[in-house]
Amino acid sequence: MNQKQRLTFLDFIRGLAALSVVVQHSGERLWPGFATFSRESFNIGKLGVLIFFLTSGFVIPFTMERGRSLGRFWINRFFRLYPLYWASLIVAIVLAAAGLYTWPTASFGHHLGLYLAANATMCQEAFRIPHAVGLYYTLSLELFFYICFSMLFLYDLHRKSILWSSIALAGAAVVTILGPILLHRRMPMAEVFYFCSIFVGTCIYRRWLGHIGMKALVALLAGTAVVAIPGIYLNYIAYATPEEHFGFVAVFFPWLAGYVVFLVSFALRHSAFPNMLSWLGRI
């Protein structure tokens with residue numbers, strides 16, 4: 001089976017993820033009942049974002065190892081990410097100038113030039129500068145993973161996916177479980193969990209290549225659940241802030257569904273997938 005056939009399932013799940021995010025952010029602005037449902041019962045946006053990160057974890061090592069060149073990889077990533085990212089930033093600036101968009105913090109307007117310049121790099125989180133658009137945090141995570149994986153690739157350590165995923169998971173346990181208990185405050189659960197999930201995606205890629213066994217992958221998935229369950233409770237319930245208060249099931253079940261959708265799609269990768277979602281994933 002050729003490369004194109006083997007990766008068709010990724011187009012489908014990318015399309016599903018994109019549709020989920022659009023439905024989430026459109027629905028919560030149009031219907032108050034949908035926003036309440038999203039916070040208390042099932043947040044479809046969290047499902048979509050998780051699928052995106054699992055997909056990145058699968059695709060990035062595939063892309064980098066196929067090209068065998070960090071330079072080529074970064075040029076490709078730059079043109080895939082930055083032009084559209086800058087276009088969205090310009091739209092935000094225009095809407096804010098027209099009074100149709102409000103910057104996320106009061107300080108943003110006081111330091112507009114500096115904050116916009118930092119956002120243009122996509123590295124604003126490293127400078128502890130607010131995102132011009134809240135959802136930009138997902139791109140910062142993506143970029144951070146590119147940097148981490150590039151360093152591993154540079155030193156020929158990138159194939160040890162189970163090891164790096166286990167280390168990321170152990171770090172997540174410290175941050176999202178011990179952190180709230182010891183510091184008595186909420187930690188960035190979503191960001192940490194998504195970052196771990198990118199590494200899990202690399203392990204699914206290794207499973208596709210036959211480099212790791214099913215038992216190792218199942219053990220990693222079980223460990224992910226063991227960390228996620230108390231982490232969700234501590235950060236979204238016990239130490240939640242008003243803006244980050246979600247019902248336990250509203251977070252747990254979308255993340256569980258995201259893993260199930262990805263793994264089932266991976267298992268059925270030789271099957272045909274709906275053309276509409278596959279087309280949406282390709283674009």
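Small disclaimer: the values here were computed from a predicted structure and weren't measured. (Residues numbered from 1 in each chain as written. Predicted model: local features only at pLDDT ≥ 70, side-chain atom pairs only at ≥ 80, totals over all residues. Heavy atoms only, no water.)

Engineer: Tell me about helix α11 (residues 214–238), residues and numbers included.
Structural biologist: An ideal rise of 1.5 Å per residue puts 36 Å on 25 residues; α11 measures up with 35 Å between its terminal C-alpha atoms. A bend of about 25° at G231 is the largest found in α11. Of all the positions in α11, only L217, L220, T224, V227, A228, G231, I232, L234, N235 and Y236 are classed as buried. (Helix = DSSP H or I, 4+ residues; strand = E, 2+ residues; numbered from the N terminus. Expected span 1.5 Å × (residues − 1). Bend = angle between axes of the 7 residues up to and from the residue. Buried < 20%, exposed > 50% of the residue type's maximum accessible area, 1.4 Å probe, protein only.)

Engineer: Before we move on, could you go through the environment of A216 and cite the residues and values that matter?
Structural biologist: Within the secondary structure, A216 sits in helix α11. For A216, a relative accessible area of 32% puts it in the partly exposed group. Residues A216 and C203, 13 residues apart in the sequence, show an inter-C-alpha distance of 9.2 Å.

Engineer: Just give me the short version of unusual backbone geometry, but keep the residues and values in it.
Structural biologist: For M122, which is not a glycine, the phi torsion comes out positive at approximately 70°. Positive phi, close to 55°, is recorded for D156, a residue that is not glycine.

Engineer: Can you tell me about the side chain of K46, naming the residues and giving the values?
Structural biologist: Tracing the chain through its elements places K46 in helix α4 (residues 44–67). Among buried charged residues, K46 stands out as having no salt bridge; its nearest opposite-charge side chain is E244, 5.2 Å away. Among the polar contacts made by the side chain of K46, one reaches the side chain of Y236 at a distance of 3.4 Å. Excluding its chain neighbours within four sequence positions, the residues that come into contact with K46 are Y194, Y236, F246, A250, V251, P254 and W255. (Lys, Arg positive; Asp, Glu negative; His and termini not counted. Salt bridge = Lys/Arg side-chain N within 4 Å of Asp/Glu carboxyl O. Polar contact = N/O pair within 3.5 Å; in protein donor to acceptor, adjacent residues only side chain to side chain. Contact = heavy atoms within 4.5 Å.)

Just geometry here; none of it tells us what the structure is for.
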